[in-house]
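The primary structure of each chain is shown beneath.
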Amino acid sequence: MKKNYVLDANVVLHDPHAIFKFEDNNVIIPIYAIEEIDKFKREQSERGLNARTIARVLDEVRPKDGTLSKPVQTKTGGTLWIAVPKKRHELGVGLESNSLDHAILATAIDIRDRNPSIPTIFVTMDTNLRIRADAIGVTSQTYENVRVHDIDVEQTVIDLMVSPAEIDAFFRDGQVPLENPALYPNAGVLLRNEQSRNHTALGRYDGVRKCVRALRVPREGVMGVRPRNKEQSIALDLLLDDEVALVSLFGKAGTGKTLLALAAGIQRTTVDRTYTRMLVSRPIMPLGRDIGHLPGTVEEKLNPWMQPIFDNLEQLFLQGKGEREHTRSYASLIESGLIQIEPLTYIRGRSLPRQYLIVDEAQNLTPHEVKTIITRSGEGTKVVLTGDPQQIDHPYVDHASNGLTVVAQRFRNERLAGHVGLSKGERSELAELATNLL
């Protein structure tokens, strides 16, 4: 049975091609949503780009001898039209009447009441608006096309029982042939002797050679940083492996995801010279968040947002030497261009060959924004995404629809990608206790 899907502005701002993702159903965009979209068309951001894109998409769908105020057939077999009420309807409850959100919601109610035989569903990525819709009896849902279902990226280290001979072969040869349906490329594996459960070996699954191989993490660690648990060991192994072009690291505050990524990036860029530079950013203003209101140059505007990166760099360079000498060291690397910290808003249209690209707090990116970043990767570039899907500041994504989670799940079976979920806090005993109790 066909349904009427009434789309909120944030749905098409999130995915300009969302109008084609509802199969053979009827898609309706309230004129008030178009009005809201128009506010963002001049932004030099991902949201501004999407606002301009949806305008072009609608213009292409609009018939030359017709109008979108009436249903138009789409390529998916459904219909599309823009709902233009003769007068602005008001909700029959004591809510603000001038709100565009409520005008869009009132349009959905009007469509539902005029077509009682067709189920009408209001689609919005605004959780609060879905709650309001539910409270006044409107069927609503989030935009499901970008969401990840059956999230299983939290499991990082797969515990497998093996024979004593296989454990011995692993320690002798540095690898052991193994096939198991639970294994996926670059998965962390804890081999456990079936006759002595405390006799274990930690490795990573090689999906090409169909074997579990030993980790290649230096005993002395990297840049003075040594892994403190099995998840960190696997993460560092992935971060140092040039064959793994995309690494995603999940973890709560204090698990070491950013510090490990920076340590590996500095090692591979400044010491091993495998990459031409390490490029670091966080999604505060890039791809949709402006820094124009802050005073000063781009660098000065970035400093408040990028301070966690500077803190981690300072910690790395303070390992073992005087504070003044090490502060000079990482500052000189930034001045020389070997370490570059900049907003991602400048990344569109660029090609980034042989660079170690770290995007911190990637859970605040949409899947489309992450796609924009990854598709900038040139030959020999490594992309590292770090974040905590349980700590999201973006108003229109959640733990199942943010870019970090979507990338980790969709790249799960790709040999070029690796994922690690860090669970144990290593910043300090107090920090770990606060994370767990507060």
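As shown above, the structure is provided for reference.
Residues numbered from 1 in each chain as written. Predicted model: local features only at pLDDT ≥ 70, side-chain atom pairs only at ≥ 80, totals over all residues. Heavy atoms only, no water.

1. Some points on the packing of helix 4 (residues 100-114) against helix 5 (residues 127-135)
Inference 1: The interhelical angle for the contact between helix 4 and helix 5, taken along N-to-C directions, is 45°, at an axis separation of 11 Å. Relative to helix 5, helix 4 is oriented oblique. The way helix 4 lies across helix 5 gives a crossing that is right-handed. When helix 4 is examined against helix 5, the residues Asp 101, His 102 and Leu 105 are found in contact with a partner set consisting of Leu 129, Arg 132 and Ala 133.
Inference 2: Split into classes, the residues belonging to the contact of helix 4 with helix 5 amount to three nonpolar, one polar and two charged. (Axes fitted to C-alpha atoms, helices over the stretch in contact; angles between N-to-C directions. Helix = DSSP H or I, 4+ residues; strand = E, 2+ residues; numbered from the N terminus. Parallel < 35°, antiparallel > 145°, perpendicular 65-115°, else oblique. Left-handed = near helix turned anticlockwise from the far one by under 90°. Contact = heavy atoms within 4.5 Å. Nonpolar A, V, L, I, M, F, W, Y, C, P; charged D, E, K, R; others polar.)

2. Things to note about empty space enclosed by the protein
Inference 1: One pass over the full model with this rule turns up three cavities of 30 Å³ or more.
Inference 2: Counted as a void, the largest cavity has a volume near 90 Å³.
Inference 3: Surrounding the largest cavity, 13 residues form its lining, Ala 408, Phe 411, Ala 417, Gly 418 and His 419 being those nearest its centre.
Inference 4: Taken together, the residues that form the lining of the largest cavity break down as nine nonpolar, three polar and one charged. (1 Å grid on protein atoms, 1.4 Å probe; cavity = no way out; pocket = protein on both sides within 12 Å on 5 of 7 lines; lining within 4 Å. Points joined across faces, edges and corners; volume = space filled by probe spheres on them.)

3. Some remarks on the sheet that holds strand 5 (residues 120-123)
Inference 1: One open sheet holds the six strands; their spatial order is 3-4-2-1-5-6, and the pairing between them is mixed. Across the chains shown, the open sheet's two edge strands, defined by having one partner strand only, are strand 3 (72-73) and strand 6 (140-141).
Inference 2: Pairing analysis gives two bridges linking strand 3 to strand 4 (residues 79-83), with the strands arranged antiparallel. The residue bridging Gln 73 from the neighbouring strand is Thr 79, located in strand 4.
Inference 3: Relative to strand 5, helix 4 is tilted by about 165°, and along the sheet it contacts strand 1 (4-7), strand 2 (26-30), strand 4 and strand 5. (Pairing = 2+ DSSP bridges.)

4. Things to note about the packing of helix 2 (residues 31-38) against helix 4
A pair of packed helices is characterised by two quantities: the angle between their axes and the separation of those axes.
Inference 1: Packing of helix 2 against helix 4 brings their axes to within 8 Å, and their N-to-C directions diverge by 150°. On the basis of the axis angle, helix 2 is roughly antiparallel to helix 4. Of helix 4, the residues touching helix 2 (which contributes Tyr 32, Ala 33, Glu 35 and Glu 36) are Leu 100, Asp 101, Ala 103, Ile 104 and Thr 107.
Inference 2: Taken together, the residues of the contact of helix 2 with helix 4 break down into five nonpolar, one polar and three charged.

5. Comments concerning the pairing of strand 2
Inference 1: A large share of strand 2 lies buried, amounting to five of its five residues.
Inference 2: The side-chain alternation of strand 2 yields two buried faces, one formed by Asn 26, Ile 28 and Pro 30 and the other by Val 27 and Ile 29.
Inference 3: When strand 1 meets strand 2, the two strands line up parallel, connected through three bridges. The residue bridging Tyr 5 from the neighbouring strand is Val 27, located in strand 2. (Buried < 20%, exposed > 50% of the residue type's maximum accessible area, 1.4 Å probe, protein only.)

6. Some points on the layout of surface pockets
Inference 1: There is about 560 Å³ of room inside the largest pocket.
Inference 2: In terms of lining residues, the largest pocket is bounded by 27 residues, among which Gly 254, Gly 256, Leu 259, Asn 312 and Arg 427 are the most central.
Inference 3: When contributions to the lining of the largest pocket are tallied by element, the ones reaching two or more residues are helix 8 (257-271) and helix 9 (298-317).
Inference 4: No other element matches the four residues that helix 8 contributes to the lining of the largest pocket.
Inference 5: Its residues placed into classes, the lining of the largest pocket shows five nonpolar, twelve polar and ten charged.

7. Description of the packing of aromatic side chains
Note on aromatic pairs: each is described by the distance of the centres and the angle between the planes.
Inference 1: Taken as a whole and judged by the stated rule, the model has four aromatic pairs.
Inference 2: Summarising the aromatic geometry, the rings of Tyr 5 and Phe 22 are spaced 4.8 Å apart at their centres and angled 40° between planes, so their arrangement reads as tilted. Of the two residues, Tyr 5 is situated in strand 1 and Phe 22 in the loop between helix 1 (9-14) and strand 2; the sequence distance between them amounts to 17 residues. Each member of the pair, Tyr 5 as well as Phe 22, carries the same accessibility label: buried.
Inference 3: Considering the side-chain rings of Tyr 275 and Tyr 356, the 5.3 Å spacing of their centres and the 85° angle between planes classify their relative orientation as edge-to-face. Within this pair, whereas Tyr 275 is found in the loop between helix 8 and strand 13 (277-281), its partner Tyr 356 is found in strand 15 (residues 355-359), the two being separated by 81 residues in sequence.
Inference 4: What makes Tyr 275 buried here is its relative accessible area of 3%.
Inference 5: Within the aromatic cluster, the residues linked to one another by ring pairs are Tyr 5, Phe 22 and Tyr 143. (Phe/Tyr/Trp six-rings, centres within 6.5 Å; stacked < 30°, edge-to-face > 60°.)

8. Observations regarding the pattern of salt bridges
Between side chains of opposite charge, a pair can form as their charged atoms come close.
Inference 1: Evaluation of the coordinates by the stated rule reveals 18 salt bridges.
Inference 2: One salt bridge in this structure joins Asp 113 and Arg 112, with 3.1 Å as the shortest N-O distance.
Inference 3: A relative accessible area of 49% places Asp 113 in the partly exposed class. (Salt bridge = Lys/Arg side-chain N within 4 Å of Asp/Glu carboxyl O.)

9. Quick notes on helix 5
Inference 1: Listing the buried residues of helix 5 in full gives Leu 129, Arg 130 and Ala 133. An end-on view of helix 5 places all buried positions within 105° of arc, on one side of the element. Away from its buried face by more than 90 degrees, helix 5 exposes Asn 128, Ile 131, Asp 134 and Ala 135.
Inference 2: Packing partners of the buried residues in helix 5 comprise helix 4, strand 5 and strand 6.
Inference 3: The opening residue of helix 5 is Asp 126, an N-cap whose side-chain oxygen sits 3.0 Å from the backbone nitrogen of Asn 128. (Arc of directions from axis to C-beta. Polar contact = N/O pair within 3.5 Å; in protein donor to acceptor, adjacent residues only side chain to side chain.)

10. Digging into the sheet that holds strand 12 (residues 246-251)
Inference 1: Across the sheet, six strands lie side by side as 14-13-15-16-12-17; this open sheet has parallel pairing. Only two strands of the sheet have a single partner each, and these edge strands are strand 14 (339-341) and strand 17 (417-422). On average, each strand axis in the sheet is inclined to that of its neighbour by 15°, with strand direction left out of account.
Inference 2: Looking at chain direction, strand 13 and strand 15 are connected through five bridges and run parallel. For Ser 281, the partnering residue across the bridge sits in strand 15 and is Val 359.
Inference 3: Sheet strands in contact with helix 8 are strand 12, strand 13, strand 14, strand 15, strand 16 (382-387) and strand 17, and its direction is about 170° off that of strand 15.
Inference 4: Packed on one face of the sheet, helix 12 (residues 403-410) meets strand 12, strand 16 and strand 17 and runs near 125° to strand 12.

Spatial relationships are all this shows, so hold off on functional conclusions.
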